[in-house]
Amino acid sequence: MLKFLKNIGHVLYRIWFYVCVAVPIFLFFPFLLLTTLSEKWYPQFFWLARNIWAIPVLYAMGCPPSVVREQNFVKGESYMLVANHTSMLDIMLMLYISKNPFVFIGKKELAKIPVFGFFFKRVCIMVDRESPNSKIGVYRSAQRRLNQGLSICIFPEGGVPSEEVLLDNFKDGAFKMAISHKIRMVPMTFYDCKKRFSFTFLSGGPGVLRAKVHSFQNTHMLKDNEKAMLREKVRTIILNELQGRNQSHI
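These lines cover the structure that appears in this document, whether it is placed above or below. (Residues numbered from 1 in each chain as written. Predicted model: local features only at pLDDT ≥ 70, side-chain atom pairs only at ≥ 80, totals over all residues. Heavy atoms only, no water.)

**Examining the packing of aromatic side chains**
So, point 1. Evaluated as defined, the whole model comprises 17 aromatic pairs.
So, point 2. Aromatic pair Tyr 42 and Phe 46: ring centres 6.4 Å apart, planes at 45°, arrangement tilted. Of this pair, Tyr 42 and Phe 46 both sit in helix α3 (residues 42–60), four residues apart, which is roughly one turn of the helix. When sorted by exposure, Tyr 42 lands in the same class as Phe 46, which is buried. (Phe/Tyr/Trp six-rings, centres within 6.5 Å; stacked < 30°, edge-to-face > 60°. Helix = DSSP H or I, 4+ residues; strand = E, 2+ residues; numbered from the N terminus. Buried < 20%, exposed > 50% of the residue type's maximum accessible area, 1.4 Å probe, protein only.)

**Some words on a nonpolar patch on the surface**
So, point 1. Together, Met 1, Phe 4, Leu 5, Ile 8, Leu 12, Ile 15, Trp 16, Val 19, Val 23, Leu 27, Phe 28 and Phe 31 make up an exposed nonpolar region whose accessible area comes to about 1,200 Å².
So, point 2. If you tally residues by element for the nonpolar patch, the top one is helix α1 (residues 2–27), at nine residues.
So, point 3. By secondary structure assignment, the location of Val 23 is in helix α1.
So, point 4. Residue classification places Val 23 among the partly exposed positions, given a relative accessible area of 40%. (Patch = residues over 30% accessible without salt bridge, like charges linked within 9 Å, V, L, I, M, F, W, Y side chains within 5 Å. Areas by Shrake-Rupley, 256 points an atom, 1.4 Å probe, with all protein chains shown as cover. Salt bridge = Lys/Arg side-chain N within 4 Å of Asp/Glu carboxyl O.)

**Notes on unusual backbone geometry**
So, point 1. Residues other than glycine seldom take positive phi values, yet Lys 182 does so here, at roughly 55°.
So, point 2. Mapped onto the elements of the fold, Lys 182 is located in the loop between α7 (173–181) and β6 (184–190).

**Remarks on α1**
So, point 1. Between its terminal C-alpha atoms α1 stretches 37 Å, which fits the 38 Å expected from 26 residues at 1.5 Å a residue.
So, point 2. Along α1, the residues that are buried comprise His 10, Tyr 13, Arg 14, Phe 17, Cys 20, Val 21, Ala 22, Pro 24 and Ile 25.
So, point 3. Packing partners of the buried residues in α1 comprise α2 (29–34), α3, α4 (89–97), α5 (116–123) and α8 (193–197). (Expected span 1.5 Å × (residues − 1). Contact = heavy atoms within 4.5 Å.)

**So, the nonpolar core**
Taken as a class, soluble globular proteins show a tendency for nonpolar side chains to be buried jointly.
So, point 1. Core analysis: the biggest nonpolar cluster contains 75 residues, and Trp 53, Met 80, Met 94, Ile 152, Met 188 and Phe 190 have the highest contact counts within it.
So, point 2. For this core, the leading source of residues is α3, giving ten residues. (Core = buried A, V, L, I, M, F, W, Y, C linked by side-chain atoms within 4.5 Å.)

This is the structure we're talking about:
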């Protein structure tokens, strides 16, 4: 009986999440749509997405963020943002962490998600990992957005790994791009998103969402053939942090 009631709670929590995600989009749809009509208006779209969507969703879910920063963002500077990926809450948490406008690079499949997908394909950079031409287009789109003073965000695992995987191997894209465009890389560790709202249906629940923004990694002196070194360095930073927190049971 107790397990049944717990499962009912999980189901209701899932339903509440989708309500929280959809309601602000429907309420502010005209303003959101207006700010997607021109790339010049993206900072206004970002402000709306962050302040009337992402942050309210996190608090409505009972998941207040708690962020430790080893280094702070500089207003007007472009960065490459990377973090471990375990949950849909990762998107909201990333928006909470950075006031500097950034553009997500993500799989084209995300455009199929109802409501969310409509705006994703209008404002984000979509990549088809099966298409070499798509990857070339991603680099060109990223360069254009960086030239507009924006940052880029990629979850370098290339998707959400299996539940038992603490941190999957990283793809090269984010690191190659950071070196190519000479922008600083910002590693972040998200500790609790899997626990709060994983992709396992009957799981999750309210609680603090902790994150850590690690010291930025400079790329100005790196060459293209050093992307693997940068990739493994950043992955090690995040992995060590995750392993340390798991061992200390915090």
